[in-house]
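Each chain, written out:
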Amino acid sequence: MTDPNPIDQPDPHHDHSRPSGTTPSGILPGLLKGLATTARTMVRPVHTAEYPDVKPELPPRSRGVIALLAENCTSCMLCARECPDWCIYIDSHKEEIPATTEGGRARQRNVLDRFAIDFSLCMYCGICVEVCPFDALFWSPEYEYAELDIRELTHEMPRLDEWMQTVPAPAPPDPASAPPAEVTAAAKPPRAAPAARPAARVATPTPTPAASAETSSSATPEPDPRPEEGGG
Ligand code: SF4
Ligand code: SF4
């Protein structure tokens, strides 16, 4: 009796000893296609980057490493708070500045003790550079700071300060853009001195109703115009 399900039956006409695609009729086209690809690639110009013998030309705003201008940093901690990877470490202390005038009040300011970025955690999002309100962080296109020890990827203040030497100058503004607010403010004419005000007049106070009543009661009474009664 034959099997009612022909799907489970092996194909009697299929040669199972030879892998598919290697029949004599399938080898030649595949071989010719491969040779054509090889020939095309041989005549194509090569674009292999010969790094490290030849350094790549990177765009000026490449994100290589973050540089710190410590003089501008006020230890406000904004960058450390906004960093999504928590890889900025800041230590600071307060210092008292004595008053400069007699009777003046002493002021306090933050002094930066430590500023470090762990580049093994940093994901180069640029949020810290964007949020710094005092222009203390900059992108440098330098990228050659790989280390064998991961702990060396935490760059302390002196190293971050060295990167400042590699920060490119800012690009000139777009000619079609509006001038910076500082330039506009500096171009404005100085304000005229305010005109002298006329001498202030002494205003006569308006009497309140209670005061009016009191004033009228203390004044000399008017004679009563009515005749006196019982006088004959
Ligand atoms: S680039 Fe991003 S991840 Fe790196 S330190 Fe700045 S905020 Fe943190
Ligand atoms: S946001 Fe700028 S000023 Fe504030 S701690 Fe960070 S680098 Fe310093």
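Residues numbered from 1 in each chain as written. Chains lettered and ligands numbered in written order. Predicted model: local features only at pLDDT ≥ 70, side-chain atom pairs only at ≥ 80, totals over all residues.

*Asks:* So what exactly am I meant to see when it comes to the overall build of the protein chain here?
*Replies:* Helix and strand counts for the protein chain come out as six helices and five strands. In the protein chain, the succession of α and β elements from N to C terminus is α-β-α-β-β-α-β-β-α-α-α. The buried share of the protein chain, reckoned over its 232 residues, is 8%. Residue pairs in contact within the protein chain that sit at least 24 positions apart in sequence constitute 73% of those at least 6 positions apart. (Helix = DSSP H or I, 4+ residues; strand = E, 2+ residues; numbered from the N terminus. Buried ≥ 20, exposed ≤ 12 C-beta atoms within 10 Å, placed from the backbone. Contact = placed C-beta atoms within 7 Å.)

*Asks:* What am I meant to see in the pairing of strand β3 (residues 107-118) here?
*Replies:* A regular strand places its side chains on the two faces of the sheet in alternate fashion. Inspection of the sheet shows strand β2 (residues 88-97) paired to β3 by ten bridges, in the antiparallel sense. From the neighbouring strand, His93 faces β3, where its bridge partner is Val111. When β3 meets strand β5 (residues 154-155), the two strands line up antiparallel, connected through two bridges. Residue pairing across strands places Asp118 opposite Thr154, the latter belonging to β5. (Pairing = 2+ DSSP bridges.)

*Asks:* Explain the site of ligand 1 to me, please; I cannot follow it from the model alone.
*Replies:* With respect to spatial proximity, 13 residues lie near ligand 1, and among them Cys83, Cys122, Cys125, Ile127 and Cys128 are the closest. Considering only residue class, the shell around ligand 1 consists of eleven nonpolar, one polar and one charged. (Near = placed C-beta within 6 Å. Nonpolar A, V, L, I, M, F, W, Y, C, P; charged D, E, K, R; others polar.)

*Asks:* Any chance you could explain the site of ligand 2 here in plain terms?
*Replies:* With respect to spatial proximity, the complete set of residues near ligand 2 consists of Cys73, Thr74, Ser75, Cys76, Met77, Leu78, Cys79, Ile90, Cys132, Phe134, Ala136 and Leu137. In the shell around ligand 2, the residues fall into ten nonpolar, two polar and no charged.

*Asks:* Explanation requested: the sheet that holds β3 in the structure shown.
*Replies:* Pairing between sheet strands relies on hydrogen bonds along the backbone, with the strands arranged either parallel or antiparallel. Strand order in the open sheet formed by three strands is β2-β3-β5, and the pairing between neighbours is antiparallel. In the strand order of this sheet, the two ends are held by β2 and β5, each with one partner.

*Asks:* Even after reading the chapter, I still don't get the nonpolar core, so can you show me in this structure?
*Replies:* Within soluble globular proteins, side chains that are nonpolar tend to cluster in buried spots. Within the largest apolar cluster, 18 residues are counted, with the highest numbers of intra-cluster contacts made by Ile66, Ala67, Leu68, Cys128, Leu137 and Leu160. Within the residue set of this core, elements represented by two or more residues are β1 (65-68), β3 and β4 (137-140). (Core = buried A, V, L, I, M, F, W, Y, C linked by C-beta atoms within 7 Å.)

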